[in-house]
Amino acid sequence: MSKIMKSFAVALLATAAACGTLNEESPARGIADMVKSRFAPTEAIAQAPAPALTRADVDAAPGAYKLMSLVGINDTATLVPAGNNGTKVTWISADQVSVTLQNGLLVSTRGFVQDLMAADVSGVIQALVSSGGNATRRVDYLDGLDQISTEVLQCSIASGGFETLEILGKAIATEKFNEVCTSESLRFTNVYWISDAGGIVKSQQLVSKGVGFLQIVSP
Amino acid sequence: MVGLNKRALFASGVSTLAMLFTNSVVAQEGPSYTVFGTPGLLEMPTAESAEKSDIATTFAYSGSGGYRSSFTYQLTPKFSGSFRYAVFDLYPEDVTADTFETFDRSFDLQYRFNDESKYVPAVAIGLRDFLGTGRFGSEYIVASKSVGPNLIVTGGLGWGSMGTNNGFSNPLSAISSYFDDRPVYDDRTSTNAGDNGGKISVKQFFRGDAALFGGMEYQISKDLGVKFEYSSIAYDAETYAPAVDIESPFNFGVTYRPRPGFEVNAGYLYGSDFSLGVTMMLNPEKRPSLSGLDPAPAPVKVRTRDAIAASSWDRANEPALGAALSQLLAVEGVELDALEVTRTTARVRYTNDRYRSEAQGLGRVSRMLTQIMPASVETFVLEPMQQGMPLSATTVQRSDLERLENTVGASEALFERVSLNNAGPDGDMTEVPQSNSKWEWGIGPYVALVLFDASGPVKADYGLQFDGRYEVNKNLVISGKITQSALGEQDGATFYDNPNDYENVRTDGAFFGRDGTPNLENLTVAHYGRVAPDVYSRVTLGYLERMYGGVSAEVLWKPVSSRLAIGAEINAVSMRDQDMGFGFASYVTEANGDRTKSGTYETVTGHVSAYYDLGTGYQAQLDVGRYLAGDWGATFGLDREFQNGWKVGGYFTITDMPFDDFGEGSFDKGIRVTIPYDYFIGSPSRKDVSTTLRSLSRDGGARVEVDGRLYETVRQGHLADINDSWGRFWR
């Protein structure tokens, strides 16, 4: 369904048929949408299944894709690189959500309802390289008043054993690492699965309180 | 490429949001609300405060207490103010005669001295209905103390209305005999019911008998509470006092909060009546959409050293570069107007049509520039425009963008590195042909409130509206709006009585657009310009608003980094025909209620205005000049402005029109609220919705309503506003 058709349908649903560019957004409709999705978070958003990324796609272009999903939400997006800045690579989905990874660690997101504006994970990378240790993690968030707040977390990284993952039909041997981070207002655990070659092939990393954890897979 | 369904992400965000809300219930219980819409018991206050910046709207009804709709704003952690609009029965001058229905506006204030500690209760002082007609006029001191986690006990001492049940001699009389007796409020001694009120009843404060009140509230579960009070309001039968059928001073209630921000109150009041109320709470500081649902920006494209060395630039390529950049910026909802690119510097002028925050616009545009500008270009000069006026010039170093992208503290670090100046001259810029359609339109539903028509104090009008806008060029815009009510022909207002000889410049408002035909709400040609580096101009010609047409001209002096702005406006207007077509006419109301044309009403109004950003989120405005009825005076406004675009404020206007001529309320005053769309809808929008809660709109201190006054437009691109939302630069 085209975008216009979609907004037309929404407008009909809201029994407030607005059209033309000057009336296309209204707080009433925004609130109606919000209320609808709060009361019926899954039914309200029926969706066509997207064609899935296959092993053949990945083999044809190694390293060109990542898979992203929100933990607890059964919906996966394929990411492609949109730019790089030093060791940081920004990946973007077709729906204009982007994540920036530094050696596989999440340092930024854009397009979520509460983005991770930036993260300093250099200590965490060090600890992972050393197969464990303690690190300080600093993160920036944008609050409801458009102000940036910086959170400093103390994290400890330790091995959680070995696991063989199956990703798009291929078995990959990994060592799992848990990163437990705490600050006064936040406490969470990120998980990384690192292959023998030293790359993070899968991870679950916190975006923010409002969004939760993102699972990122390097197929 | 496989796509992640955006709506699913939206939904997940929102459902997690709902989760967050649920989690915060325990922490955010806050006080429950009275039928007066203030934190407290049933009719009696407590020394509790809502959370800072909470805005609570309460609708309450009881058979003999009538309707009370209130708006309470917690201005600081300890200080709150309320505005109330109530409909209830009043005793006439002869209290034995039949009661009559009245519409009453009132204001309250409460200040809490201290936070509750282990042994010391919280103590607050307050004024209820101190500015209106004083029907509930009371002063009180109240103390509240929690006993265990679920019980709050309250006791207090009230004066005025709150000193009437089992009242005793005023303890303040120990200080002075001044406090012995409370003078009767003006209008209670007047021989007609139409006296004005609206003056601060300082003469009555804390005088006369006092009485004790008290009560307690017990929280049974997270969402359910019960409360009980002993009221000190006797509701004695007195001239122009509320006619409440009271049999007992004991009131009981239940509060239910099914979700945060929403409270239902039920009570048994006065030993005679059930009451029902609903309170909705919003907090400007807590945006439901958190940081917003804006799609991801393009990342910064980083140059290599080699690329910089190899780069060359020829200005002959400018039009092609402009066309390409124009397409990129269109993705961001930004329209490119002009550019000037030298080997090292790119200067661009653009109109941000999407982001409320001009800082976010700067961030989006500068990242797009990194995608396309020749590698040798190190400096970006960004000149946001609105209505064809370049507002400022922000200089950003491209290497700073490359260095700081996705780093912690990038926002602050970049702010220290950019500079903000006046927009440069048009001189060398290459204009970019516009791709956007010059013609925009929209059809949609509208809902409006009609105050005081024949059927009651408030009524909803609804129907269809048609909006059209044609951009002749960047600076010159024709726009208009037509509405068609679904209600058909309606009677005009009959409530107003006008004790004065002034033209009914606003009190005739409720006769406008009532004949069921399409209403031309406005139709104007507006020209905007920047006449000097710090001086902006506007001329608007046409049907300016529902009641007036003519010409309005304005100039504004506002340096980019100044807290102060000075403006002047002059309007030559004529009153429109009440059928809201193209004609101009004034009418009089005949004795039988018919309206007949009596000629025209033409007038010149004008103001000199000073705007001052007080810092810490407060904005003051003073307008001095001539108003619609030919009265001279001044309007003072003060607003609390939140960085995310919310505004909550108040204003009053005093003119040389005598209070007696003004009529009820004595002078114009009100509370105003502006809510940005993006607060609710999450996705970026430059629109907002504003409401003014005023005591009646009357003929004194009335102004022409002109769309697009300069200050609100110009300030968006200036230092204070850019600084406020700078956190969005990297969003």
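Residues numbered from 1 in each chain as written. Chains lettered and ligands numbered in written order. Predicted model: local features only at pLDDT ≥ 70, side-chain atom pairs only at ≥ 80, totals over all residues.

Quick question: what am I supposed to make of unusual backbone geometry here?
Peptide bonds are trans in most cases, and residues, glycine excluded, mostly fall at negative phi. Residue and element names in this part refer to chain A. Positive phi, normally seen in glycine, also occurs at Asp146, with a value near 65°. Among the secondary structure elements, Asp146 is positioned in the loop between strand 7 (133-142) and strand 8 (148-167). Despite not being glycine, Leu168 has its phi angle at roughly 45°, a positive value. On the secondary structure map, Leu168 appears in the loop between strand 8 and strand 9 (170-182). (Helix = DSSP H or I, 4+ residues; strand = E, 2+ residues; numbered from the N terminus.)

I would appreciate a short explanation of the sheet that holds strand 2 (residues 76-85) of chain A in the present structure.
By way of backbone hydrogen bonds, the strands of a sheet pair with one another, either parallel or antiparallel. Residues and elements named next belong to chain A. Reading across the sheet, the 12 strands line up as 5-4-3-2-1-12-11-10-9-8-7-6 and stay open at both edges, with antiparallel pairing between neighbours. One side of each edge strand has no neighbouring strand; the edge strands of this open sheet are strand 5 (105-110) and strand 6 (116-120). Here the average twist between neighbouring strands, direction ignored, is 30°. The sheet contact formed by strand 10 (residues 187-195) and strand 11 (residues 200-208) spans 4 bridges and is antiparallel. (Pairing = 2+ DSSP bridges. Axes fitted to C-alpha atoms, helices over the stretch in contact; angles between N-to-C directions.)

In this structure, what is going on with the sheet that holds strand 4 (residues 100-112) of chain B? I would like to understand it.
All names here are of chain B. Pairing is antiparallel in the closed barrel, where 12 strands are placed in the order 1-2-3-4-5-6-7-8-9-10-11-12. Adjacent strand axes in the sheet meet at a mean angle of 20° when their direction is disregarded. When strand 1 (residues 55-62) meets strand 2 (residues 66-74), the two strands line up antiparallel, connected through 8 bridges. In the sheet register, Ala60 faces strand 2, and the bridge partner there is Arg68.

Explain helix 7 (residues 410-417) of chain B here, please?
It helps to recall that an α-helix has 3.6 residues per turn; residues three or four apart then point in one direction. Taken together, the buried positions of helix 7 of chain B are B:Ala410, B:Ser411 and B:Leu414. The arc that holds the buried residues of helix 7 of chain B, viewed along the axis, is 95°, so those residues lie on one side. Contact partners of the buried residues in helix 7 of chain B: strand 6 and strand 8 of chain A together with helix 6 (398-404) of chain B. (Buried ≥ 20, exposed ≤ 12 C-beta atoms within 10 Å, placed from the backbone. Arc of directions from axis to C-beta. Contact = placed C-beta atoms within 7 Å.)

Help me understand the environment of B:Arg563 in this model?
All names here are of chain B. Position of Arg563 among the secondary structure elements: in the loop between strand 25 (548-557) and strand 26 (564-575). As for Arg563 and Asp613, which are separated by 50 residues in sequence, their C-alpha atoms are 4.9 Å apart. Residues within four places of Arg563 in sequence aside, it is in contact with Tyr612, Asp613 and Ala720.

Please explain the confidence of the model for chain A as it appears in this structure.
Detailed reading of the predicted coordinates is not advisable wherever pLDDT falls low. All names here are of chain A. In the predicted model, chain A carries a mean pLDDT of 81, and the fraction of residues at 70 or more is 77%. Contacts of residues 1-17 to residues separated by more than four positions or lying in other chains number 11 contacts, the stretch itself having pLDDT below 50. Every residue in residues 26-49 scores below 50 in pLDDT, and together they form 32 contacts with partners more than four places removed in sequence or on other chains. (pLDDT = per-residue confidence, 0-100.)

Would you take a moment to explain the pairing of strand 30 (residues 618-626) of chain B for this structure?
On any regular strand, side chains alternate: one points to one face of the sheet, the next to the other face. Residue and element names in this part refer to chain B. The pairing of strand 29 (residues 602-615) with strand 30 spans 9 bridges and is classified as antiparallel. Opposite Tyr611, over in strand 30, you have Gln621 as the bridge partner. Between strand 30 and strand 31 (residues 632-641), which follow one another and run antiparallel, lie 5 residues, and Gly630 among them has a positive phi close to 85°.

So what exactly am I meant to see when it comes to helix 5 (residues 358-372) of chain B here?
In this model helix 5 of chain B runs 21 Å from its N-terminal to its C-terminal C-alpha over 15 residues, within 8% of the 21 Å that 1.5 Å per residue would give. Of all 15 residues in helix 5 of chain B, 13 are buried, a share of seventy percent or more. (Expected span 1.5 Å × (residues − 1).)

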